[in-house]
Amino acid sequence: MALNACPDHPHADHRKQLGRLHRVEGQVRGIAAMVEDGRYCIDILTQLHAARAALARIERDVLDDHAAACVAQAVASGDPEAQRAKLAELTELLRRALR
């Protein structure tokens, strides 16, 4: 079983995050324009912080959706292999985040 798949059922729908991702995309374009215009460092850093915070909120939502759909289904399935795979996914995600 692939670690990034939710076999036997549809995985979480992340389309609701698209609007927020588009806003972050606009923020990043705005930050690039600030750099090109030679704006004040603190103003640029403030906008960078805002973009990172927005991405973190989206990341939490995607993780919540994954837990509610894919992980919950693996737990409910009673399949030890599926459960181990989902635990391995989450463990690897945390390892990467904590580097």
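Above this text sits the structure in question.
Residues numbered from 1 in each chain as written. Predicted model: local features only at pLDDT ≥ 70, side-chain atom pairs only at ≥ 80, totals over all residues. Heavy atoms only, no water.

Caption draft 1: Expanded view of helix α2 (residues 41-77). For α2, with 37 residues, the first-to-last C-alpha span of 52 Å sits near the 54 Å given by 1.5 Å per residue. Along α2, the helix axis deviates most sharply at A67, where the bend reaches about 35°. Listed in full, the buried residues belonging to α2 are I44, A51, A54, I58, D65, H66, C70, V71 and A74. Buried-residue contacts for α2 involve α1 (18-36) and α3 (80-97). A positive phi of about 75° marks G78, the residue just after α2. (Helix = DSSP H or I, 4+ residues; strand = E, 2+ residues; numbered from the N terminus. Expected span 1.5 Å × (residues − 1). Bend = angle between axes of the 7 residues up to and from the residue. Buried < 20%, exposed > 50% of the residue type's maximum accessible area, 1.4 Å probe, protein only. Contact = heavy atoms within 4.5 Å.)

Caption draft 2: Structural detail: the pattern of salt bridges. A complete count under the given rule lists seven salt bridges for this structure. The closest approach of N and O atoms between K16 and D65, which form a salt bridge, is 3.4 Å. Remark: D65 occurs in helix α2 and K16 occurs in the segment before α1; sequence separation between them is 49 residues. Relative accessible area serves as the criterion here: at 59%, K16 is assigned to the exposed category. The partner of D61 in a salt bridge is R20, with the nearest N and O atoms 2.4 Å apart. Of the two residues, D61 is situated in helix α2 and R20 in helix α1; the sequence distance between them amounts to 41 residues. Residue classification places D61 among the partly exposed positions, given a relative accessible area of 25%. Overall, R20 belongs to the partly exposed group, its relative accessible area being 25%. (Salt bridge = Lys/Arg side-chain N within 4 Å of Asp/Glu carboxyl O.)

These values are about where atoms sit, not about what they do.
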